[in-house]
Amino acid sequence: MIKKITCIGAGYVGGPTMAVMALKNPQIRFHIVDINQARIDAWMSDTLPVYEPGLDEIVQHTRGKNLFFSTDVEGAIKEADMIFISVNTPTKEYGVGKGRAADLKYVELCARQIAEFSDRDKIVVEKSTLPVRTAEAIKTILDSSGRDLNFQVLSNPEFLAEGTAVRDLLEPDRVLIGGEQTDAGKSAIDALVQVYNAWIPRERIITTNVWSSELSKLTANAFLAQRISSINAISALCEATGADVEEVAYAIGTDSRIGPKFLKSSVGFGGSCFQKDILNLVYLCDYFGLPEVARYWEQVIIMNDYQKSRFGSKIISTLFNTVSGKKIAFLGWAFKKDTNDTRESAAIYVADQLLEDQGRVSVYDPQVSPERMYMDVDGLGTRSEAENRDRLTMLDDVYEACKDAHAIAILTEWDEFPGLDWQRIYDNMLKPAFIFDGRLILDKKTLEKIGFQVYSIGKG
Ligand code: UDX
Ligand code: UDX
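We now turn to the structure provided with this report. Bear in mind that the values here come from a model prediction, so they are computed numbers and not experimental data.

## As for the packing of aromatic side chains
Per the counting criterion, the structure on display carries 16 aromatic pairs. Measuring from centroid to centroid gives 5.0 Å for Y287 and F288, while their planes differ by 90°, and the two rings are edge-to-face. With 6.2 Å between their ring centres and 70° between their planes, F320 and F434 make a pair best called edge-to-face. With F320 in the loop between helix 12 (291-318) and strand 9 (327-331) and F434 in strand 13 (residues 434-437), the pair connects residues that are 114 residues apart, well separated along the chain. Judged by relative accessible area, F434 falls into the buried class, the value being 8%. By the ring-pair criterion, three or more aromatic residues cluster together here, those being F311, F320, F434, F436 and Y455. Of note, R29 hangs over the ring of F68, and the distance from its end group to the ring centre comes to 4.2 Å. One Lys or Arg, R174, reaches over the ring of F159 and ends 3.5 Å from the middle of that ring.

Listed below in C-alpha cells is the structure:
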C-alpha cells in the first residue's frame, strides 16, 4: 500500500498532476519538492506559478491536508514509498547531441539524490518525457547506492496538454504505465495502477514494458505535431491555389480514419514538448543507425519553422517590404490559449523576425508578463537587450496595444479576441489597417466590412 508519494519538480506537469492525484487519493500524503524556492513559495501562495483553469480550486482543497510543498528534497525522498521525477528535460545545448538530444542532467541528479538519501525500497516513476532506455540509466544509478535496496523504475508519461491540464488529468483518454516484466516490476506497476484507479477505470490504464511506454510518449507527440505540420503545409498550398484550409481540414476530418482533431492550421506549433520530443526522436533514430527515419521526422520541425517564418515574411512583404519604424500589435504571446507558458511560442520567432527588420512590436497577452517576454527574445537576432526594450513593449490594455499600429497579428487564439470592439480598434489604427490572423479565429468578412485588409493563414 502506497501511503506517501513525493514528486521532484513543481512545474507545469508535476504541480497539476500531484494536485489531482491528491484530490482523488485523500488517504495518500503527497509532497512536491523543487530546488526553486520562489516556485515553491508561489505554490503556497494565492497566485500559483502555473495558470490552468480549475487548478486553483483543487490546490486550495488539498493544500495543507494531503498536499504539501517544500524545498526539502532529502526529507521528501526519505519519507516516500513512491517518487515521481518530474523535472525538466530540455534539449541539450552543448556537446554530443547538441540541439537534438535531451539533456538528462536534472533527471540524473534526481536519481543520484534518491540513491543517496533512501534508506528503504522505493518505486521511482519517470514522469518527465525521456528518451527510450533512460529507465535503464536511472536504475543503474539507483542500484549503485551501495546499500541493499530494491528500486523499481516505472515509466508513466504525461499526456496532459497545457490549458486543459485539469480536465486531461481528471478524464484522460488513457494512462500509460511501463515497468519491468518481473514479479517485483509487476507489483510496482500494480501499486501505481491503484493510485490512478481511484478515479480512472481500469480498462483505460494501459500497462506495457518500460521501453514501449517511453517510446509511446515520443511517438504520440510526433504524430500530433505531424498533423499540424501536415495541415500547415497544405495551408501554404491553399494560399497559392485559392483553396480554403478550413474547408479542406473539415472535409478531410470527416473521414473517420483521419478524424477532426489537431487539424487547425496555425502560425506554427509551440510548447515545451513537440519540438523537443521530435528532436529527441530524430537523435535516437540517428543514434540507432536509421538516418532515413530520422530525416522523415525532422521534416515536421522544418515545416513548422517554415510556417513561422512564412507568417513573418507575409507581414513584411504586405507592409510594402519593410516594417522599419512601423508598429505591429501582437495579440497573444503564449504558445496557445489558457496558459501563461511561452516556451517555443511562435510569437517569439515572428517578433524576432520583425524586430530584425527594425519594426516595433507592442504585445497584449492576458496571462504573460513583460519579464517573461523579454527573457524569450533576449539573445535572439543581432539586437542588444536595450534595443529589445526600446522596440518591444507589452501593454495591459489591448486597445492601447493596437493604437496607431500599422498592422495587427494574431499569435494566440485567446477566446476574448474575436469579441473585441474591432470598429474601435480600426478607428484608432493607421490606414491601410492590416490584420494577419495566424490562428484563424476572426471572421474575415466582418473585418473586411469594417475596412481592414485581412490575411488569414491558408485562405487563398
Ligand atoms: C517537464 C519536462 O519538460 C517534460 O519533458 C516532462 O514531460 C515533464 O516535466 P514541466 O513540468 O513543464 O515539464 O517543466 P518545468 O515547468 O520546467 O518544471 C520542472 C521543475 O523541476 C522546475 O520547477 C525546476 O525548478 C525543477 N527542478 C529541476 C528540480 O526541482 N530539480 C532539478 O534538479 C531540476
Ligand atoms: C502537447 C500534447 O498535446 C500533450 O499530450 C503532451 O503531453 C505535451 O505536448 P501542449 O504542448 O500542452 O501538449 O499543447 P497542445 O494543445 O498539444 O498544442 C501544442 C501546439 O500546437 C500549440 O502551439 C497549439 O496552438 C498548436 N496546435 C494545436 C495547432 O497549431 N493546431 C492544432 O490543431 C492543435
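## A short note on the pairing of strand 10 (residues 360-364)
For strand 10, the buried fraction is high: 4 of the 5 residues fall into the buried class. Here strand 9 runs beside strand 10; their pairing, made up of 5 bridges, is parallel. Bridged to I328 within strand 10 is V361. A crossover connection joins strand 9 to the parallel strand 10 through helix 13 (residues 346-356); in handedness this β-α-β unit is right-handed. Bridging between strand 10 and strand 11 (residues 392-394) involves 3 bridges; their strand directions are parallel. Across the sheet, V363 pairs through a bridge with M394, a residue of strand 11.

## Some words on the site of ligand 1
Taken together, 20 residues surround ligand 1, and among them V13, D34, R39, K276 and R343 come closest. Here an oxygen atom of ligand 1 and a backbone polar atom of V13 are 2.9 Å apart. Between ligand 1 and V87, the relevant distance is 3.5 Å, taken from an oxygen atom to a main-chain nitrogen or oxygen of the residue. Within the complex, 93% of the 690 Å² of free accessible area of ligand 1 lies under protein. Taken together, the residues of the shell around ligand 1 break down into 7 nonpolar, 8 polar and 5 charged.

## What to know about the site of ligand 2
Contacts to ligand 2 come from 20 residues, most closely from F159, E162, S266, K336 and R439. In the environment of ligand 2, an oxygen atom lies 2.9 Å from a nitrogen or oxygen atom belonging to the backbone of G270. Between ligand 2 and F335, the relevant distance is 2.8 Å, taken from an oxygen atom to a main-chain nitrogen or oxygen of the residue. Contact with the protein chains hides 90% of the accessible area of ligand 2, taken as 660 Å² for the molecule alone. The element that contributes the greatest number of residues to the shell around ligand 2 is helix 9 (residues 210-241), accounting for 4 residues. Taken together, the residues that form the shell around ligand 2 break down as 11 nonpolar, 3 polar and 6 charged.

## Some points on the packing of helix 12 against helix 13
Relative orientation and spacing of two packed helices are given, respectively, by the angle between their axes and the distance between those axes. The N-to-C vectors of helix 12 and helix 13 enclose an angle of 40°; their axes lie 9 Å apart at closest approach. By the criterion of interaxial angle, the relationship of helix 12 to helix 13 is oblique. Considering only the axes of helix 12 and helix 13, their crossing is right-handed. Across from K308, S309, F311, G312, S313, I315 and I316 in helix 12, the residues of helix 13 making contact are A346, Y349, V350, Q353 and L354. The residue makeup of the contact of helix 12 with helix 13, split by class, is 7 nonpolar, 4 polar and 1 charged.

## Thoughts on the side chain of S86
Structurally, S86 can be placed in the loop between strand 4 (82-85) and helix 5 (105-117). Polar contacts involving the side chain of S86 include one to the main-chain amide nitrogen of G14, which spans 3.2 Å. Beyond its immediate stretch of four places on either side in the chain, S86 contacts C7, I8, G9, V13, G14, K127 and S128.

## What to know about helix 5
Compared with the 18 Å implied by 1.5 Å per residue over 13 residues, the 18 Å span of helix 5 between its first and last C-alpha is a close match. What helix 5 keeps buried is the set V107, C110, A111, Q113, I114, A115 and F117. Close packing links the buried residues of helix 5 with strand 1 (4-8), helix 4 (73-79), strand 4, strand 5 (122-126), helix 6 (134-143) and strand 6 (151-155).

## Considerations on the sheet that holds strand 9
Strands sit in the order 11-10-9-12-13-14 across an open sheet of 6 strands; the sheet is parallel. Here the strands that pair on one side only, and so sit at the sheet edges, are strand 11 and strand 14 (453-456). Adjacent strand axes in the sheet meet at a mean angle of 20° when their direction is disregarded. Direction of pairing for strand 13 relative to strand 14: parallel, over a ladder of 4 bridges. Bridged to D437 within strand 14 is S456.

Reading the values: rules and limits
Each chain has its residues counted from 1, running along the sequence as written. Following the order in which they are written, the chains are lettered starting with A and the ligands numbered starting with 1. Owing to the predicted nature of the model, reporting of local features is limited to residues with pLDDT of at least 70; listing and counting of side-chain atom pairs is limited to 80 or more, with chain, interface and lining totals taken over all residues. Note that water and hydrogens are dropped before the side-chain values are worked out from all heavy atoms of the structure. Think of it this way: a Phe, Tyr or Trp ring, Trp meaning its six-membered ring, pairs with another when their centres are within 6.5 Å, and the plane angle makes it stacked under 30 degrees, edge-to-face over 60, tilted otherwise. Secondary structure elements are taken from DSSP: a helix is a run of H or I of four residues or more, a strand is a run of E of two residues or more, and numbering for both begins at the N terminus. Burial classification: accessible surface area is computed with a 1.4 Å probe over protein chains only, and a residue below 20% of its type maximum counts as buried, one above 50% as exposed, and the rest as partly exposed. Here, a charge over a ring means that NZ of Lys or CZ of Arg falls within 6 Å of the ring centre while also lying within 35 degrees of the ring normal. One bridge is not enough; two strands pair if DSSP finds at least two bridges between them. By convention a crossover is right-handed if, when the strands point away from the viewer, the path from the first strand over the helix to the second runs clockwise. Nearness is judged by heavy atoms alone; a residue qualifies as near a molecule or strand once a single heavy atom is within 4 Å of it. Here a polar contact means two N or O atoms within 3.5 Å. Within protein one must be a hydrogen donor candidate and the other an acceptor candidate, and residues neighboring in sequence count only if both atoms are side-chain atoms. Every accessible area reported is derived by Shrake-Rupley at a probe size of 1.4 Å, with residue values counting cover from the shown protein chains alone. Under the scheme applied, nonpolar residues are Ala, Val, Leu, Ile, Met, Phe, Trp, Tyr, Cys and Pro; charged residues are Asp, Glu, Lys and Arg; polar residues are all the others, including Gly. Note on definitions: angles span 0 to 180 degrees between N-to-C directions of axes, and those axes are lines fitted to C-alpha atoms, for helices only across the stretch in contact. Angular relationships are summarised with four words: roughly parallel below 35 degrees, roughly antiparallel beyond 145, roughly perpendicular across 65 to 115, and oblique for the angles in between. Should the near helix be turned anticlockwise from the far one by less than a right angle, the crossing is left-handed, and should it be turned clockwise, the crossing is right-handed. Residues are treated as being in contact if the distance between any of their heavy atoms lies within 4.5 Å. What a helix is expected to span follows from its residue count: subtract one and scale by 1.5 Å.

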